[in-house]
Protein chains: 2
Amino acid sequence: MTKLNLLLTPGPTPIPPEILQVMARPIIHHRTHEYRAIFREVSEGLKEVFRTQNEVYTFTSSGTGAMEASVVNFVAPGESVLVLDGGKFGERFADIARAYGLDCDSLKVPYGESFDAAEVKKKLSAKKYKAVYATLLETSTGVVNDIEAIGKAVADSGALFAVDAISGLLADRLETDAWKVDLAISGSQKGLMLPPGLAFLAVSAKAKAAVKPGIGRFYFDSKLYEKALKDEDSPFTPAITIVLGLKKALEMIRAKGLEAVWRENERLAEMTREAVRAMGLEMFAKKPSNGVTAVKVPAGIDGSKLLKVLQDEYGVVMAGGQGEMKGKIFRVAHMGHITQDDLAQGFNCLEELLQKMGYSFTRGAGLKAFQAGARA
Amino acid sequence: MTKLNLLLTPGPTPIPPEILQVMARPIIHHRTHEYRAIFREVSEGLKEVFRTQNEVYTFTSSGTGAMEASVVNFVAPGESVLVLDGGKFGERFADIARAYGLDCDSLKVPYGESFDAAEVKKKLSAKKYKAVYATLLETSTGVVNDIEAIGKAVADSGALFAVDAISGLLADRLETDAWKVDLAISGSQKGLMLPPGLAFLAVSAKAKAAVKPGIGRFYFDSKLYEKALKDEDSPFTPAITIVLGLKKALEMIRAKGLEAVWRENERLAEMTREAVRAMGLEMFAKKPSNGVTAVKVPAGIDGSKLLKVLQDEYGVVMAGGQGEMKGKIFRVAHMGHITQDDLAQGFNCLEELLQKMGYSFTRGAGLKAFQAGARA
């Protein structure tokens, strides 16, 4: 058997050949009409995928850079913020807020659980917060949160609402404007099917009005991006090749239609969950996302070894648990350019390996259930 | 005449086809043995081009991100720093320092001039500074600074010495360790022949010992990069494809030899200066860099129109003046993968256009002088 290079990971995700080709063309300069026209086009196109009329800033950074931008521009040291922390990426918001001297409270749920808007409302009525930070898809647990309901609660409180949709965008529905999200964050290497290197921040008028002096920032200073955007420009040299790839990615998404992209992710997620259950495995997320499925490592199986052998011998890369979930779960992504065939191949290898490692189940049951979910 | 796509700009520079090919391969995951081995290799390789034994951190950002990292980790708000500001990028250091609440003094020279180490020494004896920020190649003016002499003066004062070698690295000689540079900064899209998206910071033991709490930082927190580097890892998802390209770029540079790269840049720079003089044009930089040549726009010629037509009609991209030099100079780069043939084509087009625009000179004189400088 030939070793595959199959990424079933929640970022980076596989890049379509059409996009790789665009990025392999000779580079163009960013201070040219040609580039400015492309940058204007992608800045508009990003609004469509974020479902917003707000401007979207593009940073050359990982998604964490846009998370930092959502903190350092809109609140000042000493001000109170609330972080909904249900996993590693919720935690990251709290780490950033504390690194910048904010008064940061964390509302926590156990890993694998989602946030209840009523609980958030209660918390918001007990103390006044300037901003609330939440996660659409908590990548570390595979949980999707009810951003619509939480958004209502936050809007009622007057606080700004920031949502990390780095993994969630294009996998799980996000209606930035309709759900009153003031700061929507994403990255290039997930649903957008690009290499890592770009991060995005959609900024509402309410957020713009809240921009604060008094906190150290430069590379992620929103005013510089706002000003540059008016000239179809970036304040600093952008990751040009990835922006060119983004133009192509947005064209592909527009050709398919956003609703169709969401439906396809939902379909693949449901098929994946069916496969997991048919193999006698247990889902980890109570409210599972359509972008990534987290699965409990069955008793008696070494989770780290499972993923290592899957990667080293089969060439199938799935993600392990992060933080306190290390070794306890594995995660199968179905976002971006990951296809039904990719997932079928992945489950085939996973079944073979689990059997070899002594896990007792009906071999083929997972793949059969997966395929049964496929449309004719 | 076919319109070219000829970048004679000081970043981005043309990318060799071998590197474009590597980056066009299916992406790999960064939490794999394969990637970790590559990241270890490039982190070691970067030490060679920086001429340092120090560790080099790799950020996913433009070069400005690494400049910010050189500020936010090693000095604290209220502490005094000195910026040697001889152009747009010197100014940027001061902007960053002030954005983070440092007590920042600027030692200025007029655009086009370089810094005198004796003047720096005088300044350093008049006031105690925690760090001094300088530029190897000030891209906006084409000036190269005597980092070796300035480095001695700074080391004697006990301050940390940070050098922006974003454009300078691989074009002008930089001996990070021998010249007592504590923080050496560069980016991917210049001498390293890659797309923009990665930035680098070489950090001395003296700088590591100076790492300060008390300043807001997260994405550019050096401790996170230091810790991750021990596991051949990045704290946040890196721009994987550009790291893969970097492996190839470093192989190409090693195969040629660093001394040979410097000599080639020097040769092309000298040929460029000969061409400029033979056309009756005036050099702008008193101490010109080997990476980019800045030329005064001759009297009676509209500098902005010159560059616009050169770009729109010929497809030759040269850089204009930045900041207060806008319209007054143009800049021809000879760094990275820019070849003798590229420059000859560029001068051919420039001569044709200057003649059309009414500049009086001996047509062909520039190209002839350029070619006369070429080795047999």
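Criteria and cut-off values
- Residues numbered from 1 in each chain as written.
- Chains lettered and ligands numbered in written order.
- Predicted model: local features only at pLDDT ≥ 70, side-chain atom pairs only at ≥ 80, totals over all residues.
- Helix = DSSP H or I, 4+ residues; strand = E, 2+ residues; numbered from the N terminus.
- Buried ≥ 20, exposed ≤ 12 C-beta atoms within 10 Å, placed from the backbone.
- Contact = placed C-beta atoms within 7 Å.
- Expected span 1.5 Å × (residues − 1).
- Least-squares fit on C-alpha atoms with pLDDT ≥ 70 in both.
- Axes fitted to C-alpha atoms, helices over the stretch in contact; angles between N-to-C directions.
- Parallel < 35°, antiparallel > 145°, perpendicular 65-115°, else oblique.
- Left-handed = near helix turned anticlockwise from the far one by under 90°.
- Nonpolar A, V, L, I, M, F, W, Y, C, P; charged D, E, K, R; others polar.
- Pairing = 2+ DSSP bridges.
- Domains from an automatic or database assignment.

Participant: For the overall build of chain A, give the residues involved together with the corresponding values.
Facilitator: The secondary structure content of chain A amounts to 13 helices and 14 strands. If you line up chain A on its principal axes, its C-alpha atoms span 60 × 55 × 35 Å. Looking at chain A as a whole, 56% of its 376 residues are labelled buried. Pairs at least 24 apart in sequence give 74% of the contacts found in chain A among residues at least 6 apart.

Participant: With reference to specific residues and values, describe helix α4 (residues 88–99) of chain A.
Facilitator: Residue and element names in this part refer to chain A. The terminal C-alpha atoms of α4 lie 16 Å apart, and with 12 residues this matches the ideal 16 Å at 1.5 Å per residue to within 8%. Taken together, the buried positions of α4 are occupied by Phe-89, Gly-90, Arg-92, Phe-93, Ala-94, Ile-96 and Ala-97. Those residues of α4 hidden inside the fold are in contact with α3 (63–72), β3 (80–85), β4 (103–108), β5 (131–135), β6 (137–138) and β8 (160–164). Just downstream of α4 lies Gly-101, where phi reads positive at about 75 degrees.

Participant: Account for the relation of the copies chain A and chain B, naming residues and giving values.
Facilitator: For the pair chain A and chain B, the relating rotation is 180 degrees, the translation along its axis is 0.0 Å, and the fit reaches an RMSD of 0.0 Å. Put plainly, the chains are arranged around a two-fold axis. Within chain A, the C-alpha atom positioned nearest to the axis of rotation is that of Ser-61 of chain A, 2.5 Å from it. In this assembly the copies share their binding face: 100% of the residues contributing to the interface of chain A also contribute to that of chain B.

Participant: Can you tell me about the packing of helix α12 (residues 340–356) of chain B against helix α13 (residues 365–372) of chain B, naming the residues and giving the values?
Facilitator: Residue and element names in this part refer to chain B. Look at α12 against α13: their axes get within 8 Å of each other, and the N-to-C directions meet at 165 degrees. One way to sum up the angle between α12 and α13 is to call them roughly antiparallel. With respect to the hand of their crossing, α12 and α13 are arranged in right-handed fashion. Here α12 contributes Leu-343, Ala-344, Phe-347, Asn-348 and Glu-351 to the contact with α13, which in turn contributes Gly-366, Leu-367, Phe-370 and Gln-371. Residue composition of the contact of α12 with α13, grouped by class: 5 nonpolar, 3 polar and 1 charged.

Participant: Describe in detail the sheet that holds strand β9 (residues 183–187) of chain B, supporting the description with residues and values.
Facilitator: Residues and elements named next belong to chain B. Here we have 7 strands laid out as an open sheet, ordered β2-β10-β9-β8-β5-β3-β4, and mixed in their pairing. Each having just a single partner strand, β2 (55–60) and β4 (103–108) make up the two edges of the open sheet. Averaged over all neighbouring strand pairs, the angle between strand axes comes to 20 degrees, with direction disregarded. Note that strand β3 (residues 80–85) and β4 share 6 bridges and pair parallel. For Ser-80, the partnering residue across the bridge sits in β4 and is Asp-103.

Participant: Which residues make up the packing of helix α11 (residues 303–314) of chain B against α12 of chain B, and what are the values?
Facilitator: All names here are of chain B. Interhelical geometry of α11 versus α12 gives an angle of 120 degrees and a closest axis separation of 11 Å. In terms of orientation, α11 lies oblique with respect to α12. Note on packing geometry: the crossing formed by α11 with α12 is right-handed. Residues Leu-306, Val-309, Leu-310 and Tyr-314 of α11 form the contact with α12, whose participating residues are Cys-349, Leu-350 and Leu-353. Here the residues of the contact of α11 with α12 are counted per class, giving 7 nonpolar, no polar and no charged.

Participant: Pulling in residues and values, what's your account of the sheet that holds β5 of chain A?
Facilitator: Residue and element names in this part refer to chain A. An order of β2-β10-β9-β8-β5-β3-β4 is seen for the 7 strands of this open sheet, with the pairing classed as mixed. Strands with a single pairing partner mark the edges of an open sheet, and in this sheet they are β2 (55–60) and β4. Geometrically, the sheet is characterised by an average inter-axis angle of 20 degrees between neighbouring strands, direction not taken into account. Two elements, strand β9 (residues 183–187) and strand β10 (residues 198–203), share 5 bridges in a ladder whose sense is antiparallel. Considered in β10, the bridge of Leu-183 is made with Val-203.

Participant: Before we move on, could you go through the interface of chain A and chain B and cite the residues and values that matter?
Facilitator: In this assembly, 45 residues from chain A lie in contact with 45 residues from chain B. Only α1 (17–23), α3, α4 and α9 (240–256) of chain A provide two or more residues apiece to the side of chain A that touches chain B. Split by residue class, the side of chain A that touches chain B holds 24 nonpolar, 18 polar and 3 charged.

Participant: Before we move on, could you go through the environment of Ala-199 of chain B and cite the residues and values that matter?
Facilitator: Residue and element names in this part refer to chain B. Mapping Ala-199 onto the fold places it in strand β10 (residues 198–203). With 29 C-beta atoms packed within 10 Å, Ala-199 lands in the buried category. Spatially, the C-alpha atom of Ala-199 lies 9.1 Å from that of Gln-189, the residues being 10 residues apart in sequence. Once residues lying within four places of it in the same chain are set aside, the contact partners of Ala-199 are Phe-59, Ser-61, Ser-62, Gly-63, Gly-65, Ala-66 and Gly-187.

Participant: Can you explain the domain arrangement of chain A? Please cite residues and give values.
Facilitator: Residues and elements named next belong to chain A. Domain annotation for chain A reports domain 1 (6–13 + 258–372) and domain 2 (17–255). On a C-alpha basis, the centres of domain 1 and domain 2 stand 27 Å from each other. Listed by partner, the interface residues are 27 residues for domain 1 and 28 residues for domain 2. Where the side of domain 1 that touches domain 2 is concerned, the elements lending two or more residues are α10 (258–278) and β11 (292–296). Here the side of domain 1 that touches domain 2 takes 4 residues from α10, the largest share from any one element. The residue makeup of the side of domain 1 that touches domain 2, split by class, is 12 nonpolar, 11 polar and 4 charged.

Participant: So what about the environment of Phe-161 of chain B? Which residues, and what values?
Facilitator: Residue and element names in this part refer to chain B. Mapped onto the fold, Phe-161 is located in strand β8 (residues 160–164). Separated by 20 residues in sequence, Phe-161 and Val-181 have C-alpha atoms that sit 5.3 Å apart. Once residues lying within four places of it in the same chain are set aside, the contact partners of Phe-161 are Val-132, Gly-151, Val-154, Ala-155, Lys-180, Val-181 and Asp-182.

Participant: Break down helix α9 (residues 240–256) of chain B for me, with residues and values.
Facilitator: Residues and elements named next belong to chain B. Taking 1.5 Å of rise per residue, 17 residues should cover 24 Å, and α9 covers 25 Å from first to last C-alpha, within 8% of that figure. Listed in full, the buried residues belonging to α9 are Ile-240, Thr-241, Ile-242, Val-243, Leu-244, Gly-245, Leu-246 and Ala-249. Just beyond α9, the residue with positive phi is Gly-257, at close to 95 degrees.

Participant: So what's going on with the pairing of β2 of chain A? Residues and values would help.
Facilitator: Residue and element names in this part refer to chain A. Counting buried residues in β2 gives 6 out of 6 residues, a clear majority hidden from the surface. Neither face of β2 is left uncovered, since the one carrying Glu-55, Tyr-57 and Phe-59 and the one carrying Val-56, Thr-58 and Thr-60 both have all their residues buried. Direction of pairing for β2 relative to β10: antiparallel, over a ladder of 6 bridges. Residue Tyr-57 lies in a different strand from β10, and its bridge partner there is Leu-201.

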